[in-house]
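# Examination of the molecular architecture
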Amino acid sequence: MKLIAGDIGGTKTTLALYDSGAGTRRPIVEKTYESSSYGSFEDVIRAFMSDFSLSDIHHASFGVAGPIMGDRAEITNLKWVIEKSSLLQQLGFSDILLINDLEAVAHSIDILTSTDLEVINEGSPVTHGPRAVIAPGTGLGEAYLSWDGSRYVPHASEGGHTEFGPSNAMEIELLSYLLKKFDHVSYELVCSGIGIPNIYDFLKDTGRYQEPEWLADKIKKSPDRTPAIRIEAYESETRSEICRAAMEMFISILGAEAGNLGLKVMATGGIYVGGGISPRIMPALREGTFLNAFFRKGRLSKVIRTMPVSVILNSGAGLMGAAAAGFNHLGVKAS
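This write-up is about the structure you can find in this document. (Residues numbered from 1 in each chain as written. Predicted model: local features only at pLDDT ≥ 70, side-chain atom pairs only at ≥ 80, totals over all residues. Heavy atoms only, no water.)

The 6 strands lie next to each other as E9-E14-E13-E10-E11-E12, forming an open sheet whose pairing is mixed. Strands at the two margins of the open sheet, each flanked by one partner only, are strand E9 (117-121) and strand E12 (152-157). Between one strand axis and the next, the sheet turns through 25° on average, direction left out of account. Pairing of strand E13 (residues 270-273) with strand E14 (residues 309-312), which is carried by 3 bridges, proceeds in the parallel orientation. Note that in E14 the partner of tyrosine 272 across the bridge is serine 310. Against the sheet, helix H8 (residues 241-265) engages strand E10 (131-136), strand E11 (140-147) and E13, with an angle of about 155° to E10. (Pairing = 2+ DSSP bridges. Helix = DSSP H or I, 4+ residues; strand = E, 2+ residues; numbered from the N terminus. Axes fitted to C-alpha atoms, helices over the stretch in contact; angles between N-to-C directions. Contact = heavy atoms within 4.5 Å.)

Enumeration according to the criterion identifies 15 salt bridges in this entry. For arginine 72, the salt bridge identified is with glutamate 74, shortest N-O distance 2.8 Å. Arginine 72 gets classed as partly exposed once you look at its relative accessible area, which sits at 34%. Look at glutamate 74 and you get partly exposed, because its relative accessible area is 40%. (Salt bridge = Lys/Arg side-chain N within 4 Å of Asp/Glu carboxyl O. Buried < 20%, exposed > 50% of the residue type's maximum accessible area, 1.4 Å probe, protein only.)

Another aspect to go through is the environment of tyrosine 152. Along the chain, tyrosine 152 falls in strand E12. On the basis of relative accessibility, which here comes to 10%, the residue tyrosine 152 falls in the buried class. Spatially, the C-alpha atoms of tyrosine 152 and glycine 129 are 9.4 Å apart, while their sequence positions differ by 23 residues. Separated by 2.7 Å, the side chain of tyrosine 152 and the backbone oxygen of glycine 129 make a polar contact. (Polar contact = N/O pair within 3.5 Å; in protein donor to acceptor, adjacent residues only side chain to side chain.)

For the pair helix H1 (residues 41-51) and helix H2 (residues 84-91), the least separation of the axes is 11 Å and the interaxial angle reads 35°. As H1 packs across H2, the resulting crossing turns out to be right-handed. Counted together, Phe41, Glu42, Ile45 and Arg46 of H1 and Ser86, Leu87, Gln90 and Leu91 of H2 form the full contact between these two elements. A class-by-class count of the residues in the contact of H1 with H2 yields 4 nonpolar, 2 polar and 2 charged. (Left-handed = near helix turned anticlockwise from the far one by under 90°. Nonpolar A, V, L, I, M, F, W, Y, C, P; charged D, E, K, R; others polar.)

Looking at the element boundaries, arginine 230 is found in helix H7 (residues 225-234). For the pair arginine 230 and aspartate 205, spaced 25 residues apart in the sequence, the C-alpha separation amounts to 19 Å. For arginine 230, the contacting residues outside a window of four places in its chain are Glu235, Met247, Arg280 and Ile281.

What follows concerns the pairing of strand E2 (residues 12-19). Within E2, 6 of the 8 residues are buried, which leaves the element mostly enclosed by the surrounding structure. By the bridge criterion, 7 bridges tie strand E1 (residues 2-8) to E2 in an arrangement that is antiparallel. What sits directly across from glycine 6, in E2, is leucine 15. Across 6 bridges, the pairing between E2 and strand E3 (residues 29-34) is antiparallel. Bridged to alanine 16 within E3 is glutamate 30.

Relative to the helices and strands, serine 278 is located in the loop between E13 and helix H9 (282-286). By relative accessible area, which is 0% here, serine 278 ends up buried. Taking the C-alpha atoms as reference, serine 278 lies 12 Å from proline 227; in sequence the two are 51 residues apart. Once you skip the residues sitting within four places of it in the chain, serine 278 turns out to touch Pro136, Val273, Leu285 and Val311. There is a polar contact of 2.9 Å between the side chain of serine 278 and the backbone oxygen of glycine 274.

Below, the structure written as structure tokens:
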């Protein structure tokens, strides 16, 4: 059976065609589109089917970066509304599964191999213990998995939109700074692709770090400030001090929130750090900043240390998970 799977985000949308006989790790065709270049998700689907001359495809499964309310989804960081009824009518599919994008990543966990993961805390995993997934991309996604007696069942969450809880004096000042700009300061506003520039601006505007003229010009000319800040922090010859400080603060907040999520669902089966940013900063995640913040849980520090932490290196995890969820929804076993 063939199925179109999609990983739909605020920045990019990746679509692929899968055949259950080939499994979910090997799509027949795959292509990524810039989400903002299209007026609707239907337009992207049409472009994909046209690009590969596809027809007679009746089933689809889409992981969407936003809350799923019934058969309707709104992309959190994009002005798209996705409705199952509209997709069925306009595109001729007979069945469509809509799930949250982090729920899709959660579906991929059992498909991932050791080469798809890098363990940064071995811990002491509990067999069939709950699992958690946290993923900083354009926004911040969170999900968890529970064991139902025979398999892990993924559950969606919008935990990235809960209030940011500072864990040190500088983060308290960061919160105060952002409250002058936003009515609600969520973890997403400090722990994601849209959050990194907020941290950078805080460090600059409060005078903690100087922004050299050459750096200001470079960042101003960048279509997206986040990768520019990351590159200047870790990859360029200049290794900007303010960029490095912004990324270190981001990593500390990510570690703290990963630990928060671990405690909330008692993720004794493991915590998985995904998203587009994490694999790009692996050397920094291996350093002490992430795990120091992750472990800093007061009386429950001993508990959090037992929870394994792995970084998802495979950028296609969400797509694979959407395909796996789709075949499972149809009652089809993918090889």
